[in-house]
Amino acid sequence: MRSELLEHLRCPHCAAPLAATGNTVSCAGGHSFDIARQGYVSLLAGGHSYRVDTAEMVAARDAFLGAGHYTPISEALANAARRPLPAGCVLDIGGGTGHYLRAVLDALPDRDGIVLDLSKFAARRAAKAHPRIGAVVADAWRELPVHDGTAALVLNVFAPRNGPELRRVLHPEGELVVVTPTPAHLASLVRELDLLTVDERKDERLHEALDPHFTLLGRETVEYALAPGGAALAQLVGMGPSAWSARTTALPEDFKTTVSVSLTRYRPK
């Protein structure tokens, strides 16, 4: 955990600045957190009441994304990031393995990035995803262990949207980029395997969460056909929330589906 990254983080208990000594991160208030041998630090202030991505889910996601099946989404994020931004880091909320943040940092060679994710299995991989990435275990639904206004750019890709906290950590002149599935996303796969569907109120809930805190700057749709093959289809099912309940049904090797997501940009109010 590089000192440049710690400058953006704060103690989850008392909000004091953090500093590293050896393999420990601590604050002046006496709160201390171990840096794991895999390179991430856990800044959880307490427990949580919902499921966390397992090692198997994270491995499936890493393999699927690493094969390039969602590259157009990564490219769209990188393009959205190539805009004038204020000083600050790139913060990826619920950033998993750091796959999308890596693409954005490649487009922004002068920026550091931090992945926040509740899964320690994801944080292990994120810590090694890019030389300028720091990985932190944290709960996106709670107060984030991040200083006010320290992020020039916040990414939120298929992740929880805690509107007040997203606004707090974002620089007043920064941008928030949100990626959400459209109703067409993986629709044929959802029908075949009876997977979890996109909430019909997805857009409405997005507005409810963000409109009080952000102004809409623009929206684009990223949509394309995908025929990843049998092994990758299993990874696709196994890397998301449907992994908990999906039924096992063999699909043809040439089975096709559609990737369809909205990329929305916001400016803080």
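Scroll up a little and you will see the structure.
Residues numbered from 1 in each chain as written. Predicted model: local features only at pLDDT ≥ 70, side-chain atom pairs only at ≥ 80, totals over all residues. Heavy atoms only, no water.

Caption draft 1: Main features of the pattern of salt bridges. Under the defined criterion, the tally for this structure stands at ten salt bridges. In this structure, R111 engages D110 in a salt bridge whose closest nitrogen and oxygen atoms are separated by 4.0 Å. Accessibility expressed as a relative area gives 63% for D110, which makes it exposed. Residues E175 and R265 are paired through a salt bridge, measuring 3.1 Å at the closest nitrogen-oxygen approach. Here E175, found in strand β9 (residues 170–181), pairs with R265, found in strand β11 (residues 257–268); they are 90 residues apart in sequence, far enough to count as distant. The exposure class of R265 is buried, given its relative accessible area of 13%. Each member of the salt-bridge network shares a partner with another, and the members are R10, E143, D148, E165 and R168. (Salt bridge = Lys/Arg side-chain N within 4 Å of Asp/Glu carboxyl O. Buried < 20%, exposed > 50% of the residue type's maximum accessible area, 1.4 Å probe, protein only. Helix = DSSP H or I, 4+ residues; strand = E, 2+ residues; numbered from the N terminus.)

Caption draft 2: The arrangement of the nonpolar core in detail. With 48 residues, the main nonpolar core has Y70, I73, L77 and L153 as its most contacted residues. Top element by residues in this core is helix α3 (residues 71–81). It accounts for five residues. Sequence-distant contacts of I73, defined by excluding residues within four places in its chain, comprise Y100, F158, V179, V222, V259 and V261. (Core = buried A, V, L, I, M, F, W, Y, C linked by side-chain atoms within 4.5 Å. Contact = heavy atoms within 4.5 Å.)

Caption draft 3: Inspection of the side chain of D117 at higher detail. In this structure, D117 sits in strand β6 (residues 113–117). This buried residue, D117, is left without a salt bridge; R61 holds the nearest opposite charge, at 5.8 Å. Among the polar contacts made by the side chain of D117, one reaches the main-chain amide nitrogen of G96 at a distance of 2.8 Å. With near-sequence residues (within four places) excluded, D117 lies in contact with G94, G95, G96, A122, V136, V137 and A138. (Lys, Arg positive; Asp, Glu negative; His and termini not counted. Polar contact = N/O pair within 3.5 Å; in protein donor to acceptor, adjacent residues only side chain to side chain.)

Caption draft 4: Summary view of the packing of helix α2 (residues 55–66) against helix α9 (residues 230–238). Viewed as axis vectors pointing N to C, α2 and α9 meet at an angle of 130°, and their least axial separation amounts to 8 Å. The orientation of α2 with respect to α9, classified from their angle, is oblique. Pair α2 / α9 crosses with left-handed handedness. For the pair α2 and α9, contact is made by M57, A60, A63 and F64 and by A232, Q235, L236 and G238, respectively. Split by residue class, the contact of α2 with α9 holds six nonpolar, two polar and no charged. (Axes fitted to C-alpha atoms, helices over the stretch in contact; angles between N-to-C directions. Parallel < 35°, antiparallel > 145°, perpendicular 65-115°, else oblique. Left-handed = near helix turned anticlockwise from the far one by under 90°. Nonpolar A, V, L, I, M, F, W, Y, C, P; charged D, E, K, R; others polar.)

Caption draft 5: Structural context of the state of the cysteines. Enumeration according to the criterion identifies zero disulfides in this entry. As a non-bridged cysteine, C14 has C27 as the owner of its nearest cysteine sulfur, 3.6 Å distant. (Disulfide = S-S within 2.5 Å.)

Caption draft 6: Spatial organisation of unusual backbone geometry. The backbone phi angle of F158 is positive, close to 55°, even though this residue is not glycine. Summarising the element assignment, F158 is placed in the loop between β8 (151–157) and α6 (163–169). Residue F158 is classed as partly exposed on the basis of its relative accessible area, which comes to 35%. Located in the positive-phi region is L186, a residue other than glycine, with phi close to 55°. Take L186: it is sitting in the loop between β9 and α7 (187–193).

Caption draft 7: Quick peek at the pairing of strand β5 (residues 89–93). The buried fraction of β5 is high, at five of five residues. Every second residue of β5 is oriented toward a common face, with C89, L91 and I93 on one face and V90 and D92 on the other, all of them buried. Relative to β8, β5 runs parallel, the two sharing five bridges. Looking at the pairing, L91 lines up with V154 of β8. One ladder, built from four bridges, connects β5 with β6; its direction is parallel. Bridging from a neighbouring strand, I93 pairs with L116 of β6. Of the crossover connections in this fold, the one passing from β5 over helix α4 (residues 99–107) to the parallel β6 is right-handed. (Pairing = 2+ DSSP bridges. Right-handed = clockwise from strand over helix to strand, strands pointing away.)

Caption draft 8: Quick peek at the sheet that holds β9. If you walk across this open sheet you meet the eight strands as β4-β7-β6-β5-β8-β9-β11-β10, and the pairing is mixed. Every interior strand has two partners, whereas the edge strands, β4 (41–42) and β10 (214–226), have only one. As defined by bridge partners, β4 adjoins strand β7 (residues 133–137) across two bridges and the pair is classed as parallel. The residue of β7 that forms the bridge with V41 is V136.

Caption draft 9: Geometry of α9. The set of residues buried in α9 consists of A232, L233, L236 and V237. Viewed along the axis of α9, the buried residues span an arc of 140°, placing them on a single side of the element. Of the exposed residues in α9, the ones pointing more than 90 degrees away from its buried face are A231 and A234. Of the surrounding secondary structure, the elements contacted by the buried residues of α9 are α2 and α7. (Arc of directions from axis to C-beta.)

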